[in-house]
Amino acid sequence: MTEGSAPAATAGADADSVPAGSSSHEEVLVLDFGGQYSQLIARRIRECGVFSELLPHDVPVEQIQSRKPKALVLSGGPASVYADGAPTLRPELLELGVPVLGICYGMQLMVHELGGRVEQAEAGEFGRTTLEVLEPGRLMAGTPATQQCWMSHRDTVFEPPPGFTALASSPESPVAACEDPARGLYGIQFHPEVVHTPYGTEILTRFLRDVAGCTEEWSPASVITEQVEAIAAQVGEGHAICGLSGGVDSATAALLVHRAIGDQLTCVFVDHGMMRKDEAEQVVTAFRDQLQVPLIHVDASDRFLEKLAGETEPERKRKIIGEEFIRVFEEEAAKIADADYLVQGTLYSDVIESGGDGHAASTIKSHHNVGGLPEDLEFDLVEPLRTLFKDEVRAVAAEMGLPERFVWRQPFPGPGLGIRIVGGEVTRERLDILREADAILQEEVRAADLYRTLWQSFCVLPVVRSVGVQGDERSYAYPIVIRAVTSDDAMTADWARLPYDLLEKVSSRIINEVPGVNRVALDVSSKPPATIEWE
């Protein structure tokens, strides 16, 4: 499950019934051909002030036309245009009367479809590559004659289609960019959406502004007015409930809905006893006392521990916690008269990772707030964040006045500390040990002014014991593992190079201040091949 969304419920209603966040905005549609950077393309376009959404490459043309996009972007992908079964480009997409930009595989498809030559190069290009601009054209005007870019391909374009002008080349790509302004068709072999292409944002902006005629009218703040109106129209005189977890996702969703319908919203905060230190109290204080949002606080920690007793298998732990959450939530929901709507903090990345974009992107994991939960919860879904990425949610939250500690709270799994106790059952003693160790890490990371630099930083408690010496006596206690990563979106992550003096201080404090711990280790693996969480 994703942070910020309680491990609650997928209702029987169609999630698509909630109005899209783009309804009154210009938009650019990104057609996903399975590229690893497809989601990032949509994010970069939004950062340019234009709403963008990722759709499967074979979405019906009629659906695309009905959206009236300002432009289309064809993403990269792992296939070869001449391979059997490779995704193809429907010619009618190039005849919609809107500009089209092909990136990597998207460019190769366009070139192949229009009579250019795409073949496998003698050597692939992966990583930083030098790009030579031959003719700036419209797309690359104003960028240097020689520049760096990020490539990720083995096939390449050797000849552009009739009517196209070759704009740039690289060592293994005779045609690394091309355009046919008369038809509004543009292609680039490199990836402008990654930070390793320094002029990538400038090239995207030129396509959006000068070619597609988009104006910079979309921002996360503009979501507030639009979603408040949409929620009010959807819920009307009805009553909504929200499973509040304390993370920024569910908190922001709750604030948007509360602004739209006021006390017709009731938030239910199920405290499963596996949150970080003092977080349960912070949630109650912020929402009930400061923000004046109707809130029911259920302390169900004993109930969850009883259900988890003796369980050591990771996936079973997740299911037990998720299922028990549903049972508690159902009981509380039954006490609220006329509750017809369920608010969830589902993000756009959740939808994509769970395969909700159709089938172009691989399903990485199933999110509890997207699918796989009981269909007999008779609520209509309200998902005001469904079209937003995490950084956009934070911007909306800050604009709405959510306390800073919530806005920038690092992602936290729905099952909480229960899945950070690895290789053994979850007990109150182990939770207390892990909670105290984690609190020390968080305190020192904040003191070092690194909290917002890190995507996540947390402690893991492996259920093993090791020998140590404490106070001239032999000890036999638990180790604590520190996990800290940097990331933009959690799709990939690198282990954080924390300063040695910080690590030394954290280690010393944990061993000296937390009974039952005699050893501290550091996890130095990246994602992939590891995941961010251990379980």
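Up top you'll find the structure we're talking about.
Note that the structure is a prediction, hence the values are computed from the model and not measured.

(A) Quick look at the packing of helix α13 (residues 428–447) against helix α14 (residues 500–513). Packing of α13 against α14 brings their axes to within 10 Å, and their N-to-C directions diverge by 150 degrees. The pairing of α13 with α14 is recorded here as roughly antiparallel in orientation. In this structure, α13 meets α14 at a crossing whose hand is right-handed. Residue-level inspection shows Ala-437, Ile-440, Leu-441, Glu-443, Glu-444 and Val-445 of α13 in contact with α14, the latter providing Leu-502, Lys-505, Val-506, Arg-509, Ile-510 and Glu-513.

(B) Representation of the environment of Glu-27. Secondary-structure assignment places Glu-27 in strand β1 (residues 27–32). When the C-alpha atoms of Glu-27 and Ile-45 are compared, they prove to be 9.4 Å apart, with 18 residues separating the residues in sequence. A polar contact is formed between the side chain of Glu-27 and the side chain of Arg-67, at a distance of 2.8 Å.

(C) Spatial organisation of the sheet that holds strand β12 (residues 295–299). Sheet architecture is open: five strands sit in the order β12-β11-β10-β13-β14, paired in parallel fashion. Edge positions in the sheet fall to β12 and β14 (380–382), since each has one partner strand and no second. Geometrically, the sheet is characterised by an average inter-axis angle of 30 degrees between neighbouring strands, direction not taken into account. Note that strand β10 (residues 239–243) and strand β13 (residues 339–343) share four bridges and pair parallel. The partner of His-239 across the bridge, within β13, is Ala-339. Those strands touched by helix α5 (residues 220–235) are β10, β13 and β14, and its axis lies near 165 degrees from that of β14.

(D) Main features of the state of the cysteines. Applying the stated rule across the entire model yields zero disulfides. No disulfide involves Cys-214; its sulfur sits 9.8 Å from the nearest other cysteine sulfur, which is in Cys-48. Free cysteine Cys-242: the closest other cysteine sulfur is in Cys-267, separated by 4.5 Å.

(E) Summary view of the nonpolar core. Among the nonpolar cores identified, the biggest contains 49 residues, and Ile-241, Met-274, Phe-304, Ile-480, Leu-498 and Ile-510 are the most heavily contacted of them. Elements that contribute at least two residues to this core include exactly β11 (265–271), α8 (301–308), α9 (314–334), β13, α13, β16 (456–462), β18 (473–486) and α14. Broken down by element, the residue count for this core peaks at seven residues, all from α13. If we skip the residues at most four places from it in the chain, Met-274 touches Phe-304, Leu-308, Ile-321, Phe-412, Pro-415, Gly-416, Leu-417, Gly-418, Val-426, Leu-431 and Arg-435. With 42 residues, the next largest nonpolar core counts Ala-251, Cys-267, Phe-287 and Leu-295 among its residues.

(F) Main features of unusual backbone geometry. Cis geometry marks the peptide bond from Lys-527 to Pro-528; its omega dihedral reads -15 degrees. Relative to the assigned elements, Pro-528 resides in the segment after β20 (517–522). Backbone torsion omega between Pro-528 and Pro-529 reads 10 degrees, so that peptide bond is classified as cis. For Pro-529, the location among the structural elements is in the segment after β20. You will see that Lys-68, though not glycine, has its phi angle at about 50 degrees, which is positive. One non-glycine residue, Asp-278, lies in positive phi territory at about 70 degrees. Note on placement: Asp-278 falls in the loop between β11 and α7 (279–290). The class of Asp-278 is partly exposed, set by a relative accessible area of 46%.

(G) Molecular detail of the packing of α5 against helix α11 (residues 390–399). Packing of α5 against α11 leaves a shortest axis separation of 8 Å and a crossing angle of 70 degrees. By the criterion of interaxial angle, the relationship of α5 to α11 is roughly perpendicular. Between α5 and α11 lies a crossing of right-handed hand. Of α11, the residues touching α5 (which contributes Pro-220, Ala-221, Val-223 and Ile-224) are Glu-392, Ala-395, Val-396 and Glu-399. Grouping the amino acids of the contact of α5 with α11 by side-chain chemistry returns six nonpolar, no polar and two charged.

(H) How the structure looks around the pattern of salt bridges. Counted according to the given criterion, the structure contains 29 salt bridges. Of the charged contacts, one joins Glu-383 and Arg-386 as a salt bridge, the two residues approaching to 2.9 Å between their closest N and O atoms. Across the pair, Arg-386 and Glu-383 agree in class, each one buried. Of the charged contacts, one joins Glu-444 and Lys-505 as a salt bridge, the two residues approaching to 3.6 Å between their closest N and O atoms. Of this pair, Glu-444 sits in helix α13 while Lys-505 sits in helix α14, and the two are 61 residues apart along the sequence. Taking relative accessible area as the criterion, Glu-444 reaches 7% and is therefore assigned buried. Judged by relative accessible area, which is 46%, Lys-505 ranks as partly exposed. Among the charged side chains, a network of salt bridges with common partners joins Glu-443, Glu-444, Lys-505, Arg-509 and Glu-513.

Thresholds, definitions, all that
Residues numbered from 1 in each chain as written. Predicted model: local features only at pLDDT ≥ 70, side-chain atom pairs only at ≥ 80, totals over all residues. Heavy atoms only, no water. Axes fitted to C-alpha atoms, helices over the stretch in contact; angles between N-to-C directions. Helix = DSSP H or I, 4+ residues; strand = E, 2+ residues; numbered from the N terminus. Parallel < 35°, antiparallel > 145°, perpendicular 65-115°, else oblique. Left-handed = near helix turned anticlockwise from the far one by under 90°. Contact = heavy atoms within 4.5 Å. Polar contact = N/O pair within 3.5 Å; in protein donor to acceptor, adjacent residues only side chain to side chain. Pairing = 2+ DSSP bridges. Disulfide = S-S within 2.5 Å. Core = buried A, V, L, I, M, F, W, Y, C linked by side-chain atoms within 4.5 Å. Buried < 20%, exposed > 50% of the residue type's maximum accessible area, 1.4 Å probe, protein only. Nonpolar A, V, L, I, M, F, W, Y, C, P; charged D, E, K, R; others polar. Salt bridge = Lys/Arg side-chain N within 4 Å of Asp/Glu carboxyl O.

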